[in-house]
Amino acid sequence: MIISASRRTDIPAYYSAWFFNRVREGYVLVRNPVNVHQVSKVHLNPEVVDGIVFWTKNPIPMLGRLQMLQEYMYYFQFTLNAYGGDVEPDIPRKNDVIIPAFQRLSDQIGPERMIWRYDPIFLNEKYTMEYHIRYFEEIAKRLCKYTRKCTISFLDYYRNTALNLSKLNLQVFTTWKRERLAKSLAEIAHSYGLMIDTCAEKIELGKYGIHHARCIDDRLLGRLLACPLHAEKDRNQRLKCGCAESLDIGTYNTCKSGCRYCYAQYNAKTACANAGKHDPESPLLIGELGPGDRITERNMHSCRDVQLRMDSG
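Let me begin by describing the structure that accompanies this report. (Residues numbered from 1 in each chain as written. Predicted model: local features only at pLDDT ≥ 70, side-chain atom pairs only at ≥ 80, totals over all residues. Heavy atoms only, no water.)

Topic: the overall build of the protein chain
To keep things clear, this is the line we draw: Only DSSP runs of H or I reaching four residues or more are called helices, and only runs of E reaching two or more are called strands; each is numbered from the N terminus. Radius of gyration here is computed from C-alpha atoms only, and the compact-globule reference equals 2.2 Å multiplied by the residue count raised to the power 0.38. Throughout this description, buried means an accessible area under 20% of the type-specific maximum (1.4 Å probe, protein chains only), exposed means over 50%, and partly exposed covers the range between. Whether two residues touch is decided by their heavy atoms; if any such pair falls within 4.5 Å, the residues are in contact. Using the Shrake-Rupley algorithm and a 1.4 Å probe, accessible areas are obtained, with residue cover drawn only from the displayed protein chains. Under the counting rule used here, the positive set is Lys and Arg, the negative set is Asp and Glu, and His together with the chain ends is not counted. Each charge is placed at NZ for Lys, CZ for Arg, CG for Asp and CD for Glu.
The helix and strand inventory of the protein chain stands at 9 helices and 11 strands. Relative to its length of 313 residues, the protein chain is compact, with a C-alpha radius of gyration of 19 Å against a globular reference of 20 Å. With the C-alpha coordinates aligned to their principal axes, the bounding extent of the protein chain is approximately 55 × 50 × 35 Å. Each of the 313 residues in the protein chain was classed as buried or not, and the buried ones make up 53%. The contacts in the protein chain between residues at least 6 apart in sequence include a share of 73% that link residues at least 24 apart. On the protein chain, roughly 15000 Å² of surface is accessible, and the fraction owed to carbon and sulfur atoms is 50%. For the protein chain, the separation between the mean place of its 43 positive charges and that of its 35 negative charges on side chains is 4 Å.

Here's the deal with empty space enclosed by the protein
Here is the rule: Every definition here rests on a 1 Å grid over the protein atoms only: cavities are sets of points where a 1.4 Å probe fits but cannot get out, pockets are open sets enclosed by protein on both sides within 12 Å along at least five of seven lines, and lining residues have some atom within 4 Å of a point. Grid points are joined across faces, edges and corners, and a volume is the space filled by probe spheres set on the points.
What the rule picks out here adds up to 1 cavity of 30 Å³ or more. The computed volume of the largest cavity comes to approximately 50 Å³. Lining the largest cavity, in full, are Ile-121, Phe-122, Leu-123, Leu-155, Tyr-157, Leu-170, Gln-171, Phe-173 and Arg-178.

Some words on the nonpolar core
Which entries qualify depends on this criterion: Residues grouped as a nonpolar core are buried Ala, Val, Leu, Ile, Met, Phe, Trp, Tyr and Cys residues, joined through side-chain atoms within 4.5 Å.
Counting 77 residues, the largest nonpolar core has Phe-19, Leu-69 and Trp-116 as the members making the most contacts within it. When residues no more than four places from it in sequence are discounted, the contact partners of Phe-19 are Ile-11, Ile-52, Phe-54, Leu-69 and Ile-249. Core analysis: the next-biggest nonpolar cluster, separate from the first, contains 20 residues, Ile-115, Cys-199, Leu-229 and Cys-303 among them.

Some details on helix 3 (residues 94–109)
Looking at helix 3, one finds that the buried residues are Lys-94, Ile-98, Ile-99, Ala-101, Phe-102, Gln-103, Leu-105, Ser-106 and Ile-109. Contact partners of the buried residues in helix 3: strand 5 (74–79), strand 6 (114–121) and helix 4 (129–143).

A closer look at the sheet that holds strand 10 (residues 247–248)
Stated formally: Only when DSSP finds a minimum of two bridges between them are two strands counted as paired. Note on method: axes are straight lines fitted to C-alpha atoms, helices fitted across the in-contact stretch only, with angles between N-to-C directions ranging 0 to 180 degrees.
The 8 strands lie next to each other as 9-8-7-6-5-4-1-10, forming an open sheet whose pairing is parallel. With one partner strand each, in any of the chains shown, strand 9 (210–212) and strand 10 form the two edges of the open sheet. The sheet contact formed by strand 1 (residues 2–5) and strand 4 (residues 51–56) spans 4 bridges and is parallel. For Ala-5, the partnering residue across the bridge sits in strand 4 and is Phe-54. Sitting on the sheet, helix 3 is in contact with strand 5 and strand 6, with an inclination near 165° to strand 5. On the sheet, helix 4 packs against strand 6, strand 7 (149–154) and strand 8 (195–198) and is oriented at approximately 170° with respect to strand 6.

A closer look at the environment of Leu-289
By secondary structure assignment, the location of Leu-289 is in the loop between helix 8 (268–275) and strand 11 (294–297). When the C-alpha atoms of Leu-289 and Ala-231 are compared, they prove to be 31 Å apart, with 58 residues separating the residues in sequence. Aside from chain neighbours lying at most four places away, what touches Leu-289 is Leu-29, Arg-31, Val-39, Leu-284 and Ile-295.

Looking at the pattern of salt bridges
What counts, and what does not: The term salt bridge refers to a side-chain nitrogen of Lys or Arg lying within 4 Å of a carboxyl oxygen of Asp or Glu.
Within the structure shown, the criterion is met by 14 salt bridges. Its salt-bridge partner being Arg-31, residue Asp-293 comes within 3.0 Å of it at the nearest N-O pair. Here Asp-293 is found in the loop between helix 8 and strand 11, whereas its partner Arg-31 is found in strand 2 (residues 27–31), with 262 residues between them in sequence. With relative accessibility at 15%, the residue Asp-293 sits in the buried group. For Arg-31, a relative accessible area of 22% translates into the label partly exposed. For the salt bridge of Arg-93 with Asp-96, the shortest nitrogen-to-oxygen distance reads 2.7 Å.

Structure (structure tokens):
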């Protein structure tokens, strides 16, 4: 099984101490986001965890403790775009902090385990197509030795993000404009030796060398493990999502970055209140178990094709 840590919150940035405690204890409890009294016990035994995918904008709190993960295979989905504090108010400075952190992490684990995400892309008076093209190239120039691939996506609209998005004065982003911008970004990426793909996008951009991503990527993990994985497609994601099946151990409305576009944290007061309930020693990311909670052990099994690895060895 693949562990996602996490689409719902930035565990590396804000909850890394908790995560390493759970690795040490060998399990984590995860509330069902639809039925909060339904709690899953997810085992973190390296024998059944085929890989961990970290999603982050700031991995710095993890950098000194990665040796604790030596029994696991993992890689990072690292979002690093060109927005300022008006869009991402609590992300440290990109030039001075985040880009060097990306480079340092890559030096520790290797560029093939670093997926650069430039997303979500939107347009307004400040963040124009020309702005994205200019700063995408500046970032690509600094990251090209530290990653192999960039994943892009365009902003999706969700009902629960409408209020935050209204403050950005977004412009209409037509299909023609998306294709034109994607073509320019692809030309830049390719000029620096980077592959480029899209996350859960309907638009077909193959003629520009842009293909559909698999962010939870069983193929990548199989290569890193030198052992193929037989993982099913994740049926709980959007139709155009190519991700393999995974277990997410995060909790919505707990990220403290405050990004205006975020679908997983759309109420700053709720996120702050939830973060205040966090105990690094608890098996739950937020709060404690209550009398009405029901714990169910998840059926965990490895997707590794061990026989094939033995035959090929």
